[in-house]
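So the chains spell out like this:
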Amino acid sequence: MREKPRLKGSFSSLSRVTVNLLYTGKNCKEPTYLYSSIMRTSVFYIEKVNCCSLLNLFVLQAKMSAACGFVALHTGQKMPLIGLGTWKSERGQVREAVKYALSVGYRHIDCAAAYSNETEIGEAFQECLGPDKVIKREDLFVTSKLWNTKHHPEDVEPALRKTLEDLKLNYLDLYLMHWPHAFERGDNLFPKNPDNTMRYDYTDYKDTWKAMEKLVVKGLVKAIGLSNFNSRQIDDILSVATVKPAVLQVECHPYLAQNELIAHCQKRGLVVTAYSPLGSPDRMWKHPDEPVLLEEPGIKKLAEKYSKSPAQIILRWQVERKVAAIPKSVTPARIQQNLQVFDFSLTEEEMSHIGSLNKNWRYIVPMITVDGKLVARDAGHPHYPFNDPY
């Protein structure tokens, strides 16, 4: 028996691979085989499929599509529903985390200049991406974000080019405005007054947006979007946009379901990405009395039923809502586990139960200490987004 060949190839190049490996016999009654690529971690294996019935191929491709679930942006891009978040991933760890994520099938990496680790992520990209590598650049969806100190229109393109240089990429798939409010211009990520309050800038985010639109025209980014904007601010951007935002990235999990905001976005053609989808239990300003999402009894019960982790149940809930999620981890087992949410489904009743856990509980409110008291860092800015209901 002929041994199955092994092929290194691109996941998105399935059609090219199958066409190049079509074997045709004398007639359809004799063995005719189509070799189709199946992704198993970072290597594509070849599997024999009887091609007398092309239905086998369609079933195969459908299975592959389901295994790498994605959501379509209004630009026509396909954004994987599960990505690797890199906020709080330390230098010295994030490079290996990204490399491992890519090796087990992640094709969506979420970055930001403010995370101060894009140079190391770029090293991982340089090692893993390329025309002669298993993963091609076009196979990967990379997001980054414009930081608050770079809202002045003249600073937008230089900020993006610095991110591209650090990530060792020629373009981004998605570039987000990280927050609607601006800090004092400069290279200090968190400019502060002597009393520890933030030094603000009052650039209108609509002016920042117009500068971001130019990045699309120049081909430096494929899509632009927003992060931490409320519904009123989204509509404000849409009122002036010639390039519409493709994505809104916000904190979202069962304790902060964001149902109204998601509906608002979907009605306007924006896809929602959930950051801190597991409740960000490792953040620095954690309150000792706050609810712990991963300990929620109903979610733990579902995890037992499906032989999954509570994290996988929560991520599956987002996937079934067509909300992308970007859980952060530097632990190989958890990185892999977070991607393994496409082999089961929740019932309507289970989806409703998880949705009923909503407490409008926001974990991610950056805090600072002023006069010995812990206060919301940015609440004094007129563009602070969390004063509106959603």
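Preceding this section is the structure that the text describes.
The rules behind the values
Residues numbered from 1 in each chain as written. Predicted model: local features only at pLDDT ≥ 70, side-chain atom pairs only at ≥ 80, totals over all residues. Heavy atoms only, no water. Phe/Tyr/Trp six-rings, centres within 6.5 Å; stacked < 30°, edge-to-face > 60°. Helix = DSSP H or I, 4+ residues; strand = E, 2+ residues; numbered from the N terminus. Buried < 20%, exposed > 50% of the residue type's maximum accessible area, 1.4 Å probe, protein only. Pairing = 2+ DSSP bridges. Right-handed = clockwise from strand over helix to strand, strands pointing away.

Undergrad: Pulling in residues and values, what's your account of the packing of aromatic side chains?
TA: Applying the stated criterion across every chain, the model contains nine aromatic pairs. Here the aromatic rings of Y306 and F344 are separated by 5.3 Å at their centres, their planes lie at 40°, and the arrangement is tilted. With Y306 in helix α9 (residues 297-306) and F344 in the loop between α11 (332-339) and α12 (348-355), the pair connects residues that are 38 residues apart, well separated along the chain. Residues Y306 and F344 agree in their burial class; the two are buried. Among the aromatic residues, those joined into a cluster by ring pairs are W147, F183, F190, Y200 and Y202.

Undergrad: Before we move on, could you go through the pairing of strand β14 (residues 247-251) and cite the residues and values that matter?
TA: Counting buried positions over the five residues of β14 gives five, a clear majority of the element. Two elements, strand β13 (residues 224-227) and β14, share two bridges in a ladder whose sense is parallel. Bridging across to β14, S227 finds its partner in Q249. Crossover handedness for the path β13 to helix α7 (residues 231-238) to β14: right-handed. Pairing geometry for β14 and strand β15 (residues 271-275), over five bridges, is parallel. Looking across to β15, one finds that E251 is bridged to Y275. In this fold, the crossover linking β14 to β15 by way of helix α8 (residues 259-267) has right-handed handedness.

Undergrad: Break down the sheet that holds β15 for me, citing the residues and quoting the values.
TA: Ordered by their spatial adjacency, eight strands build an open sheet running β7-β8-β9-β10-β13-β14-β15-β16, and the pairing between neighbours is parallel. Either end of the sheet is taken by a strand with one partner, and the two such strands are β7 (84-85) and β16 (324-325). Relative to strand β9 (residues 141-146), strand β8 (residues 108-110) runs parallel, the two being bridged by three bridges. Along β9, the bridge assignment pairs I109 with V142.

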